[in-house]
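# Notes for the structure review
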Amino acid sequence: MRISTAQLFNQNINSVLNKQTATSNIIDQLSTGKKVNTAGDDPVAAISIDNLAQQNAVIEQYTRNIDFANNRLSLTESKLGSAETLVSSTREQVLRAINGGLGDSERKMVADELRGTLEELLALANGKDESGNYLFSGFETASQPFAFDAAGNMVYSGDSGVRDAVVASGVTVGANIPGDSAFMNSPSGLGDFSANYLASQVGDFNVESAVIANPATYVDDTYTFTMVGADLEVRDSSNTLVTTEVGFDSSNPINFNGIEVKLDGMPAAGDSFSITPAPEVSIFDTINQAISLIEDPNKANTPQGKAELAQILNNIDSGVNQISIERGRAGNSLKSLESYNTSHVDEKLVNSSALSMLEDLDYASAITELEKQQVALNAASSVFSKVGSTSLFDYI
């Protein structure tokens, strides 16, 4: 078979070029530390590498979300813990102030202490995170959540929004505690109502509980209770008689319009009080009521004052419990975040190990292969040089 000069030239040049390409590929691998730099290096491995890289990118986003939520919830849990301690201390302060042995100046000192506690509690409730966003405003992070109005009542300017952080596929965790649920919506210490007592009260009694016992028959209204002789009359806001407890015995509950009311103690003839629907109370307003009671020297040790004190103490206990519940929610969320973060770390470790097996270069093998390719390239180049310079005229 005859081989033309052109064919011989092409075969040799192709051999040299192939060896140069193989050498260049190995040099690229050595420079990047990866044995798969393009899909052409290993199509099957390249697909697996892309999938694992995408999974790791998603995990990194979940991890960033967890870090954000963890920072906010850790700060929230800390402030709620401080608030819980503060509100718990108000109970002892109130009881100390109502002690009959204290003079007016000493009672005023306790009231001033309670004002300081209230201001400190307000500062905690208006706390911000490291970015300057309010922690307890719900979705309204740029708005200060709590402030007293002109009448001295607490107003909440945030909302009930919970910002969910996506921490895993199809899984979200609340990254905040709304301020209304922590500080404004404590269950009433009496149940579903608040009681209002009159300065003319003589009997030593207070409302122990007032709850909606039967929602199907419940009639929403303000009800007034009056002892008429030995009987207890209940009237609605239009002064219409609702029921009469003949020969009233305070050991038995009063039931009417789906409501059940229990008294602690016995009203005297002529005593009157009312109940108003109030299923939730604000701990700020409760502390303000305590301050007003303490500062009124003519009221604190009267039957009316003692009855109001019982309600205030119940509401303080409810406020402490509500803050504790919301603190527990934050703690549970932090525990969940820790669990998901651990899972993501493990998953990323497995993915990274698989990636390493697919794409990481064995430098010893690569260097050996490079030396082999360089020897082959030098040999091919030498042969091409000699063959290319050979001529029939050299042998004539």
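Among the nonpolar cores identified, the biggest contains 48 residues, and Val94, Leu121, Phe146, Phe183, Phe284, Ile294 and Leu337 are the most heavily contacted of them. The element contributing the most residues to this core is helix α2 (residues 43–98), with 10 residues. Counting 21 residues, the second largest nonpolar core, distinct from the first, contains Ile254, Val261, Leu263 and Ala307.

Let us look at the side chain of aspartate 221. Along the chain, aspartate 221 turns up in the loop between β7 (205–212) and β8 (223–228). One buried charged side chain, aspartate 221, makes no salt bridge at all; its nearest oppositely charged neighbour is arginine 235, positioned 12 Å away. Of the polar contacts made by the side chain of aspartate 221, one reaches the side chain of serine 237; its length is 2.8 Å. Leave out the neighbours within four places in its chain, and aspartate 221 touches Phe193, Asp236, Ser237, Ile275 and Pro277.

In this approach, a probe sized like a water molecule rolls over the atoms, and the result shows the empty space that is left. Roughly 330 Å³ of internal volume is contained in the largest pocket. Those elements that place two or more of their residues in the lining of the largest pocket are β6 (193–197), β14 (280–281), α5 (283–295) and α6 (303–359). By residue number, the principal contributor to the lining of the largest pocket is α5, which donates 5 residues. Of the residues assigned to the lining of the largest pocket, the class counts are 5 nonpolar, 8 polar and 5 charged.

This next bit is on the packing of aromatic side chains. The description of two aromatic rings rests on the distance between their centres and on the angle between their planes. Inspection of the entire model under this criterion finds 12 aromatic pairs. Taking 5.0 Å as the distance between ring centres and 70° as the angle between the ring planes, the aromatic pair formed by tyrosine 223 and phenylalanine 256 counts as edge-to-face. Taken together, the positions of tyrosine 223 in strand β8 and phenylalanine 256 in strand β11 (residues 254–256) put the pair 33 residues apart, joining distant regions of the chain. No difference in accessibility class separates tyrosine 223 from phenylalanine 256, as the two residues are buried.

Compared with the 18 Å implied by 1.5 Å per residue over 13 residues, the 19 Å span of α5 between its first and last C-alpha is a close match. Among all positions in α5, only Ile283, Phe284, Asp285, Thr286, Ile287, Ala290, Ile291, Leu293 and Ile294 are buried. Where α5 begins, one side-chain oxygen reaches toward the backbone nitrogen of phenylalanine 284, 3.2 Å away; that side chain belongs to serine 282.

Oppositely charged side chains may form a pair once their charged atoms are brought near each other. The tally for this structure, following the rule as stated, stands at 12 salt bridges. Salt-bridge contacts for arginine 327 lead to glutamate 84; the nearest nitrogen and oxygen are separated by 3.1 Å. Taken together, the positions of arginine 327 in helix α6 and glutamate 84 in helix α2 put the pair 243 residues apart, joining distant regions of the chain. On the accessibility criterion, arginine 327 (31% relative accessible area) is partly exposed. Across the pair lysine 108 and aspartate 112 runs a salt bridge whose closest N-O atoms are separated by 3.3 Å. Residue lysine 108 and its partner aspartate 112 are located together in helix α3 (residues 104–125), separated by 4 residues, close to a single helical turn. We classify lysine 108 as partly exposed; its relative accessible area is 49%. We classify aspartate 112 as partly exposed; its relative accessible area is 37%.

The subject of this paragraph is the pairing of strand β13 (residues 272–277). Looking at chain direction, β6 and β13 are connected through 5 bridges and run antiparallel. Looking across to β13, one finds that asparagine 196 is bridged to serine 274.

Thresholds, definitions, all that
Residues numbered from 1 in each chain as written. Predicted model: local features only at pLDDT ≥ 70, side-chain atom pairs only at ≥ 80, totals over all residues. Heavy atoms only, no water. Core = buried A, V, L, I, M, F, W, Y, C linked by side-chain atoms within 4.5 Å. Buried < 20%, exposed > 50% of the residue type's maximum accessible area, 1.4 Å probe, protein only. Helix = DSSP H or I, 4+ residues; strand = E, 2+ residues; numbered from the N terminus. Lys, Arg positive; Asp, Glu negative; His and termini not counted. Salt bridge = Lys/Arg side-chain N within 4 Å of Asp/Glu carboxyl O. Polar contact = N/O pair within 3.5 Å; in protein donor to acceptor, adjacent residues only side chain to side chain. Contact = heavy atoms within 4.5 Å. 1 Å grid on protein atoms, 1.4 Å probe; cavity = no way out; pocket = protein on both sides within 12 Å on 5 of 7 lines; lining within 4 Å. Points joined across faces, edges and corners; volume = space filled by probe spheres on them. Nonpolar A, V, L, I, M, F, W, Y, C, P; charged D, E, K, R; others polar. Phe/Tyr/Trp six-rings, centres within 6.5 Å; stacked < 30°, edge-to-face > 60°. Expected span 1.5 Å × (residues − 1). Pairing = 2+ DSSP bridges.

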